[in-house]
Amino acid sequence: MELTVYLAGQIHDNWRSELKNKAQKMELPIHFVGPMENHDRSDNIGEEIKGEQPNAIFKDEAASEINNLRTQVLLNKSDVVIALFGENYKQWNSAMDAGTAIALQKPLILIRPESLHHPLKEIANKAQVVVETEEQALKALSYIFETN
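Our subject in this report is the structure included herewith. Given the structure is predicted, the values throughout are model-derived calculations rather than measurements.

It is worth spelling out unusual backbone geometry at this point. Even without being glycine, Glu27 reaches a positive phi, approximately 60 degrees. The topology assignment puts Glu27 in the loop between helix 1 (15-25) and strand 2 (30-33). Classification of Glu27 as exposed rests on a relative accessible area of 69%. Not every positive phi belongs to a glycine, and Gln105 is a case in point at roughly 60 degrees. Mapped onto the secondary structure, Gln105 falls in the loop between helix 4 (92-103) and strand 4 (108-111).

See below:
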C-alpha cells in the first residue's frame, strides 16, 4: 500500500523537501503532492495559459483559477492532507486547503506551534491529528503501515 499525501502550506521555504527527506529515511511508502512551489510560476500561470491580462487584479484572478484547479484535483486524489501552519507567514492557503480537506472528508493532520492553538482551534477540532512538528506528523502516518 502507498499513500498519496497533499502537503498544504506556505511555499516560501523548504519544509516540504525536509519532510519528504525524513519520510524517505523512514522508508514510508508515500507519494507527496501539493501546490506549485515555484512562486513566480504560480503567479504567472494564468497569463501563460490565458494570455496577458489588463491589470494585476485580473492577472491574480487568472492565476488563481489555474492554481485552484490544480489544488482541487490533487486534494481529491490524496488519501491524507498535511496542513502546516507556521509563525512566519500568513497562512491563507493553508487554511483554505485544510477547510477543503475537511469538506471532502479527507483525513487531516494539522501541524501548528502551540502559539497558534487559539487561532486554529476550529480547524484543529476537525482534524484527525494535531501535532507541533513534521516528525510527529510522519510518525502518525507511519503508524498506518504497522502490521502488528
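For the rest of this paragraph, the subject is the sheet that holds strand 3 (residues 80-84). If you walk across this open sheet you meet the five strands as 2-1-3-4-5, and the pairing is parallel. Strands at the two margins of the open sheet, each flanked by one partner only, are strand 2 and strand 5 (129-131). The sheet shows a mean angle of 20 degrees between the axes of neighbouring strands, direction not considered. For strand 4 and strand 5, the ladder comprises three bridges, and the chain directions are parallel. Within strand 5, the residue paired with Ile109 across the bridge is Val129. In this fold helix 1 packs onto strand 1 (3-8), strand 2 and strand 3, with an angle of close to 155 degrees to the strand it touches most, strand 1.

Counted under the stated rule, the structure contains five salt bridges. Across the pair Glu37 and Lys20 runs a salt bridge whose closest N-O atoms are separated by 3.9 Å. Of this pair, Glu37 sits in the loop between strand 2 and helix 2 (39-50) while Lys20 sits in helix 1, placing them 17 residues apart in sequence. For Glu37, a relative accessible area of 35% corresponds to the partly exposed category. In this structure, Glu48 engages Arg41 in a salt bridge whose closest nitrogen and oxygen atoms are separated by 2.2 Å.

Before going further, it helps to examine the environment of Ala83. Mapped onto the fold, Ala83 is located in strand 3. The buried category is assigned to Ala83, whose relative accessible area is 0%.

Thresholds, definitions, all that
Residues numbered from 1 in each chain as written. Predicted model: local features only at pLDDT ≥ 70, side-chain atom pairs only at ≥ 80, totals over all residues. Heavy atoms only, no water. Helix = DSSP H or I, 4+ residues; strand = E, 2+ residues; numbered from the N terminus. Buried < 20%, exposed > 50% of the residue type's maximum accessible area, 1.4 Å probe, protein only. Pairing = 2+ DSSP bridges. Axes fitted to C-alpha atoms, helices over the stretch in contact; angles between N-to-C directions. Contact = heavy atoms within 4.5 Å. Salt bridge = Lys/Arg side-chain N within 4 Å of Asp/Glu carboxyl O.

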